[in-house]
Amino acid sequence: MGTPLTDDALDTLFRTARTYNGYTDAPVTQVDIEAIYELVKMAPTSANQQPGRFIWCLSQESKDKLAGFASATNADKIRKAPATVIVAYDKDFHEHLPEFFPHVDARPWFAEPVARERHAFLNTTLQGGYFIMAARALGFDTGPMTGFDNAAVDAGFFADRPNYKSVMLSTLGHGDPSSIFGRLPRPDFAKFNTVV
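These lines cover the structure that appears in this document, whether it is placed above or below. Quick caveat, the model's predicted, so the values are computed rather than measured. (Residues numbered from 1 in each chain as written. Predicted model: local features only at pLDDT ≥ 70, side-chain atom pairs only at ≥ 80, totals over all residues. Heavy atoms only, no water.)

Attention now goes to the packing of aromatic side chains. The tally for this structure, following the rule as stated, stands at nine aromatic pairs. Taken together, a centroid distance of 6.2 Å and an interplanar angle of 25° make the contact between F54 and W56 stacked. By relative accessible area, which is 15% here, F54 ends up buried. Classification of W56 by relative accessible area gives partly exposed; the value is 21%. Where Y89 meets F121, the ring centres are 6.3 Å apart and the plane angle is 90°; that geometry is what we call edge-to-face. In this pair, Y89 is assigned in strand β2 (residues 83-90) and F121 in helix α6 (residues 113-137), connecting sequence segments 32 residues apart. Using a relative accessible area of 7% as the deciding quantity, one classes Y89 as buried. Residue F121 is classed as partly exposed on the basis of its relative accessible area of 40%. Ring pairing ties together the aromatic residues Y37, F54, W56 and F131, which thus form one cluster. The residue whose ring lies beneath K65 is F157, and the NZ or CZ to ring-centre distance is 4.6 Å. (Phe/Tyr/Trp six-rings, centres within 6.5 Å; stacked < 30°, edge-to-face > 60°. Buried < 20%, exposed > 50% of the residue type's maximum accessible area, 1.4 Å probe, protein only. Helix = DSSP H or I, 4+ residues; strand = E, 2+ residues; numbered from the N terminus. Lys NZ or Arg CZ within 6 Å of the ring centre and 35° of its normal.)

Dropping the structure here:
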């Protein structure tokens, strides 16, 4: 059974954590992104699909290329961030299931392409959320975004892997507090929850 986190930890992950639009000059390293992924991969996906594919843009060249496929507002954030990650899914994730779900051959469960892609998208979206929480848990800040041309990103970064499809982008680094906006409203429990 798990142990409840401290209030400080809950603040770091949820209550005072924010989406950042700018970062300090502190770098994000290969060691850092590997540590983040080591946490991401431990979180649950259906049948341990692990459909998420993460493309980490650390070089200025890769960030400039990615920025060219983003909205005008997001492009500048990507160029200036220490790192940006493309979170994508693999439509053929099921081919890896013998490794990640070894106690039964689960590949036939995902034989139908449309349903398989839906599973890939939904579970990769979960992994995108896990990325945000893992980054926060390790002392980083993020700026997740969907304001970009998915088809252009896929063509620009996955030309040799047509089974990869982008879901979201996120900047990554140590956030500059001056870059955040005021906290937006959040709903009370009764507004969107039903107990039956």
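With respect to the element layout, H94 can be found in the loop between β2 and α5 (97-100). Reaching out from H94, the side chain makes a polar contact with the side chain of R116 at a distance of 3.4 Å. With residues up to four places along the chain from it excluded, the contact list for H94 reads R107, F110 and R116. (Polar contact = N/O pair within 3.5 Å; in protein donor to acceptor, adjacent residues only side chain to side chain. Contact = heavy atoms within 4.5 Å.)

Following the sequence through the fold, N21 ends up in the loop between α1 (7-15) and α2 (30-40). On a C-alpha basis, the gap between N21 and S179 in space is 5.2 Å, while along the polypeptide they are 158 residues apart. When neighbours within four sequence positions are excluded, N21 is seen to be in contact with K77, S179, I180 and F181. Side-chain polar atoms of N21 contact the side chain of K77, separated by 2.9 Å. One polar contact links the side chain of N21 to the main-chain carbonyl oxygen of S179, over a distance of 2.8 Å.

Moving on to the nonpolar core. Within the largest apolar cluster, 24 residues are counted, with the highest numbers of intra-cluster contacts made by I36, F131 and L172. Mapped by element, the contributors of at least two residues to this core are α2, β2, α6 and β4 (164-173). With residues near it in sequence (within four places) discarded, I36 still touches W56, F131, A134, A135, L138, F140 and L172. In terms of nonpolar packing, the next biggest core, distinct from the first, is built from 16 residues, L66, I78, A88 and L169 among them. (Core = buried A, V, L, I, M, F, W, Y, C linked by side-chain atoms within 4.5 Å.)

Running from N to C, helix α3 (residues 60-67) and helix α4 (residues 72-80) point in directions that differ by 175°, and their axes come no closer than 8 Å. The angle between the axes of α3 and α4 places the two elements in the roughly antiparallel class. The segment α3 lies against α4, with Q60, K63, D64, L66 and A67 engaging A75, I78 and R79. Of the residues that constitute the contact of α3 with α4, the class distribution is four nonpolar, one polar and three charged. (Axes fitted to C-alpha atoms, helices over the stretch in contact; angles between N-to-C directions. Parallel < 35°, antiparallel > 145°, perpendicular 65-115°, else oblique. Nonpolar A, V, L, I, M, F, W, Y, C, P; charged D, E, K, R; others polar.)

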